[in-house]
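# What the coordinates show
Here is what each chain is made of, one letter per residue.
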Amino acid sequence: MLDHGLLVETLETAADFGALPSLHARIRRSLRDSLGRVMVLSHVSHLYRSGASLYVTVLAARDPADPVGQWTAAKRAVTETILAGGGTLTHHHAVGADHRDFLGAEVGTAGLALLRAVKATMDPTGIMNPAVLLPPAS
């Protein structure tokens, strides 16, 4: 698919059962708004007592001039949509640099402070995944 000019990406989230139908619709709409003509394939990969995960595969025409910028803009928009719709930042693939700047929206100021304290205690020299999990302190 990549050889034929397609953008192919995935994303994931999880939410309570009551939020899933609306969240799924909002994710699809956000990706259409960001990428134009797009194929959005979704499946539930994990079930829990209170909710489930959504694993989303995205196919769209790739911008040959800036495919990374194209996906970065779409990913930012859909991540904001997920958080506003009651979804979690990520399901099981971890936060990492891709979601780092959104972590505060999910865990709040106290959550970031707690994570920074744990990092400072467990990694005082800052050698474990520097600048990957936590956004820069403001």
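Residues numbered from 1 in each chain as written. Predicted model: local features only at pLDDT ≥ 70, side-chain atom pairs only at ≥ 80, totals over all residues. Heavy atoms only, no water.

### Looking at the pattern of salt bridges
Rules: We count a salt bridge whenever a side-chain nitrogen from Lys or Arg sits within 4 Å of a carboxyl oxygen from Asp or Glu. Each helix is a run of DSSP H or I of at least 4 residues and each strand a run of E of at least 2, with the numbering of both proceeding from the N terminus. Buried residues are those whose accessible area, probed at 1.4 Å on protein chains only, stays under 20% of the maximum for their type, while exposed residues exceed 50% and partly exposed ones sit between those limits.
The full count for this structure, using the stated rule, is 3 salt bridges. In this structure, the salt-bridge partner of Lys 75 is Asp 98, at a minimum N-O distance of 3.1 Å. Taken together, the residues span a long stretch of sequence, with Lys 75 in helix 2 (residues 67-84) and Asp 98 in helix 3 (residues 96-99) at a distance of 23 residues. Using a relative accessible area of 9% as the deciding quantity, one classes Lys 75 as buried. For Asp 101, the salt bridge goes to Arg 100, with nearest N and O atoms at 3.5 Å.

### Regarding the environment of Ala 14
Quick reminder of the rule: Working rule for contacts: check all heavy atoms of both residues, and any pair within 4.5 Å makes them a contact.
With respect to the helices and strands, Ala 14 occurs in strand 1 (residues 6-16). Separated by 110 residues in the primary sequence, Ala 14 and Pro 124 place their C-alpha atoms 32 Å from one another. Discounting residues that sit within four places of it in the chain, Ala 14 has contacts with Ala 52, Ser 53, Gly 86, Gly 87, Thr 88 and His 91.

### Observations regarding the environment of Leu 11
Mapped onto the elements, Leu 11 comes out in strand 1. On the accessibility criterion, Leu 11 (4% relative accessible area) is buried. For the pair Leu 11 and Arg 76, spaced 65 residues apart in sequence, the C-alpha separation works out to 11 Å. Apart from the residues within four sequence positions on either side, Leu 11 is in contact with Leu 31, Leu 54, Tyr 55, Val 56, Val 58, Trp 71, Lys 75, Val 78 and Ile 82.

### Remarks on the nonpolar core
This is how the line gets drawn: As used here, the term nonpolar core means buried Ala, Val, Leu, Ile, Met, Phe, Trp, Tyr and Cys residues forming a set that is joined through side-chain atoms within 4.5 Å.
Of all hydrophobic cores here, the largest spans 19 residues; its most connected members are Leu 11, Ile 27, Leu 31, Leu 35, Val 56, Val 58 and Trp 71. Secondary structure elements with two or more residues in this core: strand 1, helix 1 (20-35), strand 3 (51-61) and helix 2. Not counting residues up to four positions away in its chain, the partners in contact with Val 56 are Glu 9, Thr 10, Leu 11, Ile 27, Leu 31, Val 40, Leu 41 and Ser 42. Counting residues in each nonpolar core, the second largest holds 6 residues, with Leu 89, Phe 102, Leu 103 and Leu 112 among its members.

### Here we look at the confidence of the model for the protein chain
Stated formally: The pLDDT value tells you how sure the predictor is about a given residue, anywhere from 0 up to 100.
Mean pLDDT over the protein chain: 93, with 99% of residues reaching 70 or higher. Per-element averaging of pLDDT across the protein chain places helix 3 at the bottom with 84 and helix 1 at the top with 98.

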